[in-house]
Structures are given as structure tokens and as C-alpha cells.
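Inside the fold
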Amino acid sequence: MTEPSIVASKDTELFERDKKFQGKVLGLSIYDGVLGERRIRREIIEHPGAAAILAIDNKENIIMVNQYRFPHGNVLEIPAGTLEKNEDPLECARRELQEETGYIAESIKPLLSFYPSIGYNTEIIHCFVATGLTFTKTNLDEDEILSVEAYPLDDVISMICNGKIQDSKTICSVLMYSSATSV
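Just so we're clear, the structure is a prediction, and the values are computed from it rather than from any experiment.

1. Side note on the packing of helix H2 (residues 153-161) against helix H3 (residues 168-181)
Working note: a packed helix pair is described by the angle between its axes plus the distance between those axes. In contact at an axis separation of 11 Å, H2 and H3 are set at 130° when each is read in the N-to-C sense. Judged by the angle between their axes, H2 and H3 are oblique. The crossing of H2 and H3 is left-handed. Across from Leu153, Val156, Ile157 and Ile160 in H2, the residues of H3 making contact are Thr170, Ile171, Val174, Leu175, Tyr177 and Ser178. Here the contact of H2 with H3 is composed, by residue class, of 8 nonpolar, 2 polar and no charged.

Structure below.
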């Protein structure tokens, strides 16, 4: 699958893009170009982005999912999912919270956005905080295998510090929320 095209970077340099692969969730392109006086070549994973949600129940517990993530096995993380075409990150967060945990939120506010692998990947993860939770029902995707669990914030921070939680979106969201609420 080769679709050469020319793209401009943020530095207005021209790069030639050669699309090598497009799957259901991500693509791979080779970019060749000149930056300053240097010729560069980059292999870039192209991802539409994701939304993650730090949901806090009425007992101040963090709602987590213990999800099977091949090839790593079960991973404890906050609910999240890939943005659908032209989907607003807030709507994605709202959808994923309900699908994976069964909760809908009265309030959802932006927390942070970050690039988990900035050197070779276009993915950006938009993280939100949800409060005022009401349980409805889950609506898992066919390939999702998970259980919903709730933990006090201090326990989640301890699990991050002892390496039980290794998921970047969860670590970033929990630590950002913790630092913002402790000020």
C-alpha cells in the first residue's frame, strides 16, 4: 500500500509521505524530507488519538478496568478508547466510560492531553475527570475482556509507585489529578 504525498511540517519544511500500511486502528508511513540543511527519514505510526477518563465515584474511589491487553496480559487502567473518525475527544471519553464501566457522568472536565510516544507516533491522549456517576449498563466491544474495579486514590498512587500500574494514561491522569487536588 503506497500512497506518496507531500506534507508540510510545523517548520514549513516539505516532507514526502509514503503510506506503507493502514489497519483498523493505526497506519505506518515513511516520511523523507529536509529539516534545515539535514535530510531526514522517519517511520511514523499514525493513530487517530484517544480519550481516557479518570472517573471518581461518590465515595471518592477511582473507577478502573482490569483489562486483558495482548501481549501484556491483564492491565489495571482507567477507561479509554480510540477516537472514531471526526469524534470529539470529550464525546469519546463519555462513550468509553459508559461502554466499559456502565457509568454515565454528570460532569466531565478536561485534565490533560499528552503524546505517549512522541518520537515515532502521532497518537495524542486526551484525559478527562468525571464526577457525579450513575450506573446504567456496560456495552463492551466484542474483543474487550475486562472487569470494573474501584480503588481509593491513595491505593492507586501506591500501585503506580510499586509498579503494579504501568499504563501511561493512568499514571499521567492519576498523578496530574492528585497534584491538582493537593494544591
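2. Re a nonpolar patch on the surface
Side chains of Phe21, Val25, Leu26 and Leu28 sit close together on the surface and give an oily, nonpolar patch of about 300 Å² of accessible area. If you trace the backbone, leucine 28 turns up in strand S3 (residues 27-35). For leucine 28, a relative accessible area of 31% puts it in the partly exposed group.

3. Describing the packing of aromatic side chains
Here the structure, examined in full by the defined rule, presents 1 aromatic pair. Here tyrosine 103 and phenylalanine 135 contribute two aromatic rings whose centre-to-centre distance is 5.5 Å and whose plane-to-plane angle is 80°, an arrangement assigned as edge-to-face. Note that tyrosine 103 is positioned in strand S9 (residues 103-114) and phenylalanine 135 in strand S10 (residues 125-135), a separation of 32 residues in sequence. In this structure phenylalanine 135 comes out as exposed when scored by relative accessible area, which is 51%.

4. Here we look at H2
Along H2, the residues classified as buried are Leu153, Val156, Ile157, Met159 and Ile160. Angular distribution of buried residues about the axis of H2 spans 160°; they occupy a single face of the element. In H2, those exposed residues whose orientation departs by more than 90 degrees from the buried face are Asp154 and Cys161. Tucked into the core, H2 has its buried residues touching strand S6 (61-69), strand S7 (73-77), strand S11 (146-152) and H3. Among the residues trailing H2, glycine 163 stands out with phi positive, at a value near 85°.

5. Description of the nonpolar core
Of all hydrophobic cores here, the largest spans 24 residues; its most connected members are Leu54, Ile62, Met64 and Val156. Listing elements by their share of this core, those giving two or more residues are strand S5 (50-56), S6, S9, S10, H2 and H3. For this core, the element with the highest residue contribution is H2, accounting for 5 residues. Methionine 64 has contacts with Leu76, Glu77, Ile78, Ser147, Val148, Glu149, Tyr151, Val156, Ile165 and Thr170, leaving out every residue within four places of it along the chain. Counting 14 residues, the second largest nonpolar core, distinct from the first, contains Ile53, Ala55, Leu83 and Ala93.

Reading the values: rules and limits
- Residues numbered from 1 in each chain as written.
- Predicted model: local features only at pLDDT ≥ 70, side-chain atom pairs only at ≥ 80, totals over all residues.
- Heavy atoms only, no water.
- Axes fitted to C-alpha atoms, helices over the stretch in contact; angles between N-to-C directions.
- Helix = DSSP H or I, 4+ residues; strand = E, 2+ residues; numbered from the N terminus.
- Parallel < 35°, antiparallel > 145°, perpendicular 65-115°, else oblique.
- Left-handed = near helix turned anticlockwise from the far one by under 90°.
- Contact = heavy atoms within 4.5 Å.
- Nonpolar A, V, L, I, M, F, W, Y, C, P; charged D, E, K, R; others polar.
- Patch = residues over 30% accessible without salt bridge, like charges linked within 9 Å, V, L, I, M, F, W, Y side chains within 5 Å.
- Areas by Shrake-Rupley, 256 points an atom, 1.4 Å probe, with all protein chains shown as cover.
- Salt bridge = Lys/Arg side-chain N within 4 Å of Asp/Glu carboxyl O.
- Buried < 20%, exposed > 50% of the residue type's maximum accessible area, 1.4 Å probe, protein only.
- Phe/Tyr/Trp six-rings, centres within 6.5 Å; stacked < 30°, edge-to-face > 60°.
- Arc of directions from axis to C-beta.
- Core = buried A, V, L, I, M, F, W, Y, C linked by side-chain atoms within 4.5 Å.

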